[in-house]
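Results of the structural survey
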Amino acid sequence: MTMNTRAEAFAPATVANLGVGFDILGLAISEPGDTVRVEWTDAPGAHVARIEGDGGLLPLDPEKNTACVAANSVLNLLDVKQGVSITLLKGLPLASGLGSSSASAVAAALAVNALCGSPLSTMELLPAALDGEAAVSGRHADNVAPCLFGGITLVTGIEADDIHRLPIPEALYLALVTPDVPVPTALARSVLPDSISLRDMVAQTGGVARVVDALYRGDVAALACAMESDRVVEPARAHLMPMLVEMRAVARSAGALGLVISGAGPTLCAICDAAKTAERVAGAMQAAYEQAGIAAVSRHTRVSETGAKVLQIDA
Ligand code: HSE
């Protein structure tokens with residue numbers, strides 16, 4: 001194995017679920033994201049030397065820090081005994097529904113692989129990134145997969161055959177708004193029902209099928225309608241999302257075709273079919289939150305074909 005001395009990787013924000021596709025659908029945007037720098041150290045195992053941009057909130061404990069868990073997982077896969085020191089530069093807000101824990105895990109897995117001379121393929125890094133995600137929010141790959149591979153993904157497991165790249169409609173534009181009200185994923189998962197009726201199961205699977213069909217046909221209006229057809233998860237989580245009903249109305253009046261919770265929230269994602277509309281919708285949603293006394297950050301963006309990437313390798 002060719003060992004390098006330092007490596008740095010970037011992993012982008014993701015929107016999980018796409019409304020109706022709980023735990024199986026997700027997409028990547030190009031930024032913001034998290035950056036991880038790694039270098040060798042004498043102490044065995046991975047440990048976090050420094051975190052910037054988390055307001056001191058993230059754990060340094062190697063078993064609880066998502067980047068560290070993913071880094072250790074790669075070291076174990078490669079049977080590398082030497083230790084790794086991690087610097088995590090958080091570009092993503094925590095507990096925001098933008099896949100923050102996945103981005104840290106993916107960037108760490110990619111950086112450690114690069115440090116070791118990149119012996120593993122991107123696909124082979126998926127289980128390690130999932131180990132990192134599992135340390136904080138459960139073992140589901142709907143953020144991790146688009147974060148690693150880019151684009152829109154349907155994920156039905158952790159083998160190569162379980163990752164399905166879906167087409168990105170030409171006219172798909174997104175408006176995202178993140179109110180400054182953290183919603184921890186564990187909390188947002190704890191309010192979900194343990195079981196659902198057969199009727200809801202049929203509606204939910206029908207909704208996911210409609211999302212996939214709309215993506216293949218490039219029909220953004222049908223996509224928005226299908227994404228919004230979630231009868232299970234959004235109703236259970238709605239009370240955790242500030243002004244969800246009002247924001248859907250604001251987004252629609254500004255021209256959006258629909259709006260869903262991004263991942264576990266509280267970020268909301270409006271679906272639009274033109275760049276100008278997405279810009280207007282993002283501004284309108286941010287203004288509506290601010291008028292209600294809730295600080296918020298908005299962005300208008302598109303799906304990114306590219307996922308996480310190695311930024312630098314020092315031999
Ligand atoms: N599918 C996950 C959820 C995404 O909605 O809980 C957040 O990790």
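Scroll up a little and you will see the structure.
Note that the structure is predicted; figures quoted are calculated from it, not measured. (Residues numbered from 1 in each chain as written. Predicted model: local features only at pLDDT ≥ 70, side-chain atom pairs only at ≥ 80, totals over all residues. Heavy atoms only, no water.)

1. Details of helix α10 (residues 275–291)
Spanning 17 residues, α10 covers 24 Å between terminal C-alpha atoms, matching the ideal 24 Å at 1.5 Å per step. Buried within α10 are the following residues: Thr277, Ala278, Val281, Ala282, Met285, Ala288 and Tyr289. Down the axis of α10, the buried side of the element spans an arc of 135 degrees, and every buried residue falls inside it. The outward face of α10, more than 90 degrees from its buried face, is lined by the exposed residues Lys276 and Gln291. Of the surrounding secondary structure, the elements contacted by the buried residues of α10 are β7 (173–179), α9 (244–253), β8 (258–261), β9 (268–272) and β10 (296–301). Positive phi appears at Gly293, one or two residues downstream of α10, with a value of about 80 degrees. (Helix = DSSP H or I, 4+ residues; strand = E, 2+ residues; numbered from the N terminus. Expected span 1.5 Å × (residues − 1). Buried < 20%, exposed > 50% of the residue type's maximum accessible area, 1.4 Å probe, protein only. Arc of directions from axis to C-beta. Contact = heavy atoms within 4.5 Å.)

2. What to know about the layout of surface pockets
One number sums up the size of the largest pocket: a volume of about 520 Å³. As for the largest pocket, its lining consists of 37 residues, and the residues nearest its centre are Ala95, Ser101, Val136, Ser137 and Thr185. Within the residue set of the lining of the largest pocket, elements represented by two or more residues are α2 (100–115), α3 (122–137) and α5 (185–190). The element that contributes the greatest number of residues to the lining of the largest pocket is α2, accounting for four residues. (1 Å grid on protein atoms, 1.4 Å probe; cavity = no way out; pocket = protein on both sides within 12 Å on 5 of 7 lines; lining within 4 Å. Points joined across faces, edges and corners; volume = space filled by probe spheres on them.)

3. Things to note about the sheet that holds β9
Strands belonging to one sheet form pairs held by backbone hydrogen bonds; the direction of such a pair is parallel or antiparallel. Taken in spatial order, the four strands line up as β8-β9-β7-β10 in an open sheet, and their pairing is antiparallel. Edge positions in the sheet fall to β8 and β10, since each of these pairs with one other strand and no more. If you compare each strand with its neighbour and ignore which way they point, the axes differ by 20 degrees on average. Across five bridges, β7 lies against β9 in antiparallel orientation. In the sheet register, Leu174 faces β9, and the bridge partner there is Ile271. On the sheet, helix α7 (residues 220–227) packs against β8 and β9 and is oriented at approximately 150 degrees with respect to β9. Of the strands in this sheet, β8 and β9 are in contact with α9, which crosses β8 at around 150 degrees. (Pairing = 2+ DSSP bridges. Axes fitted to C-alpha atoms, helices over the stretch in contact; angles between N-to-C directions.)

4. Focus: the packing of aromatic side chains
Per the stated rule, a full pass over the model turns up zero aromatic pairs. Arg302 extends its terminal NZ or CZ atom over the ring of Tyr173, reaching a point 4.0 Å from the ring centre. (Phe/Tyr/Trp six-rings, centres within 6.5 Å; stacked < 30°, edge-to-face > 60°. Lys NZ or Arg CZ within 6 Å of the ring centre and 35° of its normal.)

5. What about the site of the ligand?
Neighbouring the ligand are the residues Ala16, Asn17, Phe22, Asp23, His140, Asp142, Asn143, Thr185, Arg189, Arg237, Gly263 and Ala264. Within the side chain of Arg237, a nitrogen or oxygen atom sits 2.8 Å from an oxygen atom of the ligand. For the ligand, whose free accessible area comes to 260 Å², the fraction covered by protein is 96%. Comparing atom positions with the cavity grids shows the ligand to sit within the largest pocket. Taken together, the residues that form the shell around the ligand break down as three nonpolar, five polar and four charged. (Near = heavy atom within 4 Å. Polar contact = N/O pair within 3.5 Å; in protein donor to acceptor, adjacent residues only side chain to side chain. Areas by Shrake-Rupley, 256 points an atom, 1.4 Å probe, with all protein chains shown as cover. Sits in = over half its atoms within 2 Å of the grid points. Nonpolar A, V, L, I, M, F, W, Y, C, P; charged D, E, K, R; others polar.)

6. Describing the environment of Ala282
In this fold, Ala282 is placed in helix α10. Taking relative accessible area as the criterion, Ala282 reaches 1% and is therefore assigned buried. Those residues in contact with Ala282 that lie beyond four places of it in its chain are Ala175, Ser298, Arg299 and His300.

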